[in-house]
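Here's the letter readout for the chains.
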Amino acid sequence: MQNLLHNLNPEQLAAVTLPAQPALILAGAGSGKTRVLTTRIAWLIQTGQVSPAGILAVTFTNKAAKEMIARLSSMLPINTRGMWIGTFHGLCNRLLRAHHRDAGLPQTFQILDSQDQLSAIKRLLKSLNVDDEKYPPRNLMYFINGAKDQGLRAKDVEANDDYNRKFVELYDLYDTQCQREGVVDFAELLLRTYELLTRNQPLREHYQARFRHILVDEFQDTNNLQYNWLKLMAGQHNAVFAVGDDDQSIYAFRGANVGNMIAFEREFHVENLIKLEQNYRSHGHILDAANTLIANNSRRLGKNLRTDAGHGEPVRIYEAESDIREANWIIEEAKSLINEGATRSEIAILYRSNAQSRVIEHALFTAGIPYRVYGGQRYFERAEIKHAIAYLQLMDNPHNDSAFLRVVNFPTRGIGARSLEQLQDAARQYGISMYAAVPYVTGKAGTTLGGFVKLIEGMRFETQNLPLQELVQVMLDMSGLITHYQNEKEGADRIENLEQLVSAAMLFVSEEGFGIDAPAFLGPKSAEVAGPALTIADGVEVLDADAPLPAVMSPLSAFLSHASLEAGDNQAQAGQDALQLMTVHSAKGLEFDAVFITGLEEGLFPHENSAQEEAGLEEERRLMYVAITRAKKRLYMSFSQTRMLHGQTRYNMKSRFFDELPDEALKWLSPKVQHRWFGQRKSAWDEPPESGANNIAQSFNRDNAGWRVGETVSHAKFGEGVIVNIEGSGTNSRAHINFGRHGMKLLDLNIAKLEKVATRLNG
DNA sequence: TCTATCTTTGTTTTT
DNA sequence: CAAAGATAGA
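Calculation notes
Residues numbered from 1 in each chain as written. Chains lettered and ligands numbered in written order. Predicted model: local features only at pLDDT ≥ 70, side-chain atom pairs only at ≥ 80, totals over all residues. Heavy atoms only, no water. UniProt positions renumbered as here; feature names shortened; annotations may be inferred. Helix = DSSP H or I, 4+ residues; strand = E, 2+ residues; numbered from the N terminus. Buried < 20%, exposed > 50% of the residue type's maximum accessible area, 1.4 Å probe, protein only. Contact = heavy atoms within 4.5 Å. Areas by Shrake-Rupley, 256 points an atom, 1.4 Å probe, with all protein chains shown as cover. Near = heavy atom within 4 Å. Polar contact = N/O pair within 3.5 Å; in protein donor to acceptor, adjacent residues only side chain to side chain. Nonpolar A, V, L, I, M, F, W, Y, C, P; charged D, E, K, R; others polar. Phe/Tyr/Trp six-rings, centres within 6.5 Å; stacked < 30°, edge-to-face > 60°. Lys NZ or Arg CZ within 6 Å of the ring centre and 35° of its normal. Salt bridge = Lys/Arg side-chain N within 4 Å of Asp/Glu carboxyl O. Core = buried A, V, L, I, M, F, W, Y, C linked by side-chain atoms within 4.5 Å. Domains from an automatic or database assignment. Expected span 1.5 Å × (residues − 1).

Going by what an unreviewed UniProt entry lists, chain A is known as DNA 3'-5' helicase and is assigned to Noviherbaspirillum cavernae. According to the UniProt record, the Sequence similarities (unreviewed entry) comment for chain A is "Belongs to the helicase family. UvrD subfamily."

What follows is the structure, encoded as structure tokens:
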């Protein structure tokens, strides 16, 4: 035990060894949060206070769950497989599989990712002849998910006007459609489990009696439903150990409620509140930047990080003329870091939105530097993989209409809109799935559709005793997907991806502990598993702690769940030492020696859709805080005067966040730009401007009262802005100026009192 | 019914 | 700039 607890600081030690009572740990960035959480679990088990089966540990990302399991198995000589450590969604999936009957779901229910959900909604609207201009599918999706995140069914949602009443009605119909097809969306996984446990007292009491210790990571990210879910699991007696950081709450957009931290403190009568403020990650200047920035937020629980490390290097800031040059600068800096001995994988390039990665990727590719992109297009979201998955879904659950529609005519088999219309009519008439409705379609359409059904049934028959990876292979061959892409010009990559699916299946099978030769449809090894998966206790079927997943889920179902819930963390080229590219969101929880935060411009970061309201802006600021605190030794920030977005050049102002950083910690690298065309051409302008940038031609046109497009100006009332466009000339010149937080203004250049703005420079 | 081509439209973040 | 959707012609 000694070795378990040594090297913990007093606060960490106190947190790890708290008594079995509700506890809230306010853990700042880099304060050893994960360490405290895992050591706590290990300590509880080692001191015999609880058995591994009595632990429920919840995280938000699969990455975090895996990390926790890995650390735990290095700390304790126990098999972590049976332990309940996972994401909210993963754990709920597990519960629903085990109790599918009580939950009113087919055993092979399938999980819709957001793409699937949106197309299901579009399909619903179409079938109901609802005007999707008036009721945009996307809005309906947010409406539904928002309601579910609050724990509300359609009947529970209050609607005060016709418009919202329609949304409620559609919400209800959407649920009906999902139920008919045997599919659940992300929010439904949680809500269904919540309802199941609320309704079913014996079941609830069983799990309450079992999980004496519930530990929650990233508690600030819980939404109301998740919080209530935790309350339900906790019951009256269980110890909830919540770890979180209100300053790192960046998921309010999907319902996360920081207020849960305060609610938790109050409702659970938390007497054990511990703050971890010692930072072990970042050098002083970096931490100062983070602290100063986040101090601009109101409504904080209050916490200030400190470090024993020295000031270290200042934060370097660079202003580029274009996004392309920004990327090139990043690469030059990264190169010199590498020359100085830095490891590539310890350098991260962060951006606010995925679209920004393209320019950087291009530059990295040209420079021949290995890199790895996280997130973005994920493996299981690629079109060809989606098709393959749809075939697998139909084999597992033929009533999934989304899957049916995706591949019924892909590759083409002469089943067009008319046949499907007939089929949909039949399905609606009998209230059954499209697959089941096929026999009711007569004529030629009936024959071709029947052929498709035969195909799926043939695939099932051929694979009924095969292990998962062979099942996938047979599916690929029989579906005609491979042949289809062979005939396509750019199909080679797609075929490669499809072949990878076989390896993915094999990997999944070995990692999850399914026997590698076990048939994919049945519960393999179930006969040999020590103890049955489901035990009957007091007349209730419950999930046994030691039973591995396969006992309640067939390998195929499990694999499909995996595809939806994990989407393949883009493991591409793992192992190679490469630069790390990712959004700020996906960087949460990670740390790097050197970090580049890019695209720090008004409208991008903070994002224009968020900066309108105070709450949104504060979330953006927390996001920036997360970004800064990822860095250990070196931190770079950059922004650009121009940027391509939606195929056109945009002129953004530098981010307001620069004004919220402490000058002493910063070093501005960019050359002065204010008088660049009045003679003082220096450094960055020594190189010729890129061709094709449409502002360049205008930049040498001095006819517009001395102003040019792209220039930063200052206005008495609106503050700083960037000239986006100039119309007219001479005494008639008017300019569209982007004043960032004050919006776009059209000003007469001969009347408005504008001043040129100098960029600060101290290096 | 299929394919090629045009038009339109992009929430930014993720389980 | 792309991807998704709509339209026209084969």
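So that's the structure; there's more coming.
## Focus on the overall build of chain A
For chain A, the helix and strand inventory stands at 28 helices and 23 strands. The buried share of chain A, reckoned over its 763 residues, is 54%. Of the contacts made within chain A by residues no fewer than 6 positions apart, 75% connect residues no fewer than 24 positions apart. Put simply, chain A shows about 32800 Å² of open surface, and 49% of that area lies on carbon and sulfur atoms.

## Things to note about the protein's contact with DNA strand C
Around DNA strand C, the structure places Lys 122, Arg 358, His 646 and Gly 647. Restricting attention to atoms of DNA strand C within 4 Å of the protein, one finds that 42% of them are sugar or phosphate atoms. Within the side chain of Lys 122, a nitrogen or oxygen atom sits 3.1 Å from a phosphate oxygen of DNA strand C. A distance of 2.6 Å is found between a phosphate oxygen of DNA strand C and a side-chain nitrogen or oxygen belonging to Arg 358. Residues that form the surface near DNA strand C fall into these classes: no nonpolar, two polar and two charged.

## A closer look at the protein's contact with DNA strand B
Lining the immediate surroundings of DNA strand B are 27 residues, of which Tyr 142, Arg 352, Asn 354, Arg 378 and Gly 414 lie closest. Backbone atoms, meaning sugar plus phosphate, form 49% of the atoms of DNA strand B positioned within 4 Å of the protein. Between DNA strand B and Arg 352 there is a distance of 2.5 Å, counted from a base oxygen to a side-chain nitrogen or oxygen. Within the side chain of His 607, one N or O atom sits 3.4 Å away from a phosphate oxygen of DNA strand B. For the surface near DNA strand B, the secondary structure elements donating two or more residues are α19 (417-430) and α26 (584-587). The residue inventory of the surface near DNA strand B, partitioned by class, reads seven nonpolar, 16 polar and four charged.

## What about helix α12 (residues 224-234)?
Of all the 11 residues making up α12, eight are buried; the element is thus mostly covered by neighbouring parts of the structure. Listed as buried for α12 are Leu 225, Gln 226, Tyr 227, Trp 229, Leu 230, Leu 232, Met 233 and Ala 234. Sitting at the amino-terminal end of α12 is Asn 223, which places a side-chain oxygen 3.0 Å from the backbone nitrogen of Leu 225. Positive backbone phi, at 60°, marks Gly 235, one or two positions downstream of α12.

## Notes on the UniProt feature "domain: UvrD-like helicase ATP-binding" (unreviewed entry) in chain A
Per the UniProt entry, the sites bearing "domain: UvrD-like helicase ATP-binding" (unreviewed entry) are residues 6-283 in this numbering. The span residues 6-283 carries 51% helix and 13% strand; its end-to-end C-alpha distance comes to 24 Å.

## A short note on the packing of aromatic side chains
This model, assessed by the stated rule, comprises 27 aromatic pairs. Their ring planes at 80° and their centres at 6.2 Å tell us that Phe 219 and Tyr 227 sit as a pair that is edge-to-face. Given a relative accessible area of 5%, Tyr 227 falls into the buried group. One aromatic cluster is present, formed by Tyr 135, Phe 143, Tyr 163 and Phe 167 through successive ring pairs. The ring of Trp 84 has Arg 94 sitting right over it, with the charged end atom 4.6 Å from the ring centre. Sitting above the plane of the Phe 109 ring, Arg 97 keeps its charged end 3.7 Å from the centroid.

## Brief notes about the pattern of salt bridges
All told, the structure shown has 41 salt bridges when counted by the stated rule. A salt bridge links Arg 325 to Glu 321; the nearest nitrogen and oxygen atoms lie 2.8 Å apart. The class of Arg 325 is buried, set by a relative accessible area of 12%. Residue Lys 335 pairs with Glu 332 through a salt bridge whose shortest N-O separation is 3.8 Å. Here Lys 335 pairs with Glu 332, and both are found in helix α15 (residues 323-339), just three residues apart, close to one helical turn. Overlapping salt bridges bring together Lys 148, Arg 153, Asp 175, Asp 185, Glu 188, Arg 192 and Glu 195 as one network.

## Some thoughts on the UniProt feature "binding site: ATP" (unreviewed entry) in chain A
In the numbering used here, UniProt assigns the "binding site: ATP" (unreviewed entry) feature to Ala 27, Gly 28, Ala 29, Gly 30, Ser 31, Gly 32, Lys 33 and Thr 34. Counting through the fold element by element, Ala 29 comes out in the loop between β1 (23-27) and α3 (33-46). Excluding residues within four positions of it along the chain, Ala 29 makes contact with Asp 245, Gln 248, Asn 279, Arg 281, Leu 305, Thr 629 and Arg 630. The topology assignment puts Ser 31 in the loop between β1 and α3. Taking the relative accessible area as the measure of exposure, Ser 31 reaches 1% and is therefore buried.

## Here's the deal with the environment of Glu 591
In this structure, Glu 591 sits in the loop between α26 and β15 (592-597). Note: C-alpha distance between Glu 591 and Glu 133 (458 residues apart in sequence) is 44 Å. Of the polar contacts made by the side chain of Glu 591, one reaches the side chain of Arg 281; its length is 2.7 Å.

## Section: the nonpolar core
Counting 64 residues, the largest nonpolar core has Leu 56, Ile 214, Met 233 and Phe 264 as the members making the most contacts within it. Counting residues per element, this core draws most heavily on α12, which supplies seven residues. When we break this core down by domain, the ones giving at least three residues each are domain 1 (10-101 + 190-278) and domain 2 (110-181). Other than its neighbours up to four places away in sequence, Leu 56 contacts Trp 84, Leu 91, Phe 211, His 213, Ile 214, Leu 215, Trp 229 and Met 233. Tyr 391, Leu 394, Ala 403 and Leu 476 belong to the second largest nonpolar core, which has 55 residues in total.

## What to know about helix α27 (residues 614-628)
Owing to its 3.6 residues per turn, the α-helix brings residues three or four apart onto one side. With 15 residues, α27 extends 21 Å from end C-alpha to end C-alpha; this agrees with the ideal 21 Å at 1.5 Å per step. A large share of α27 lies buried, amounting to 13 of its 15 residues.

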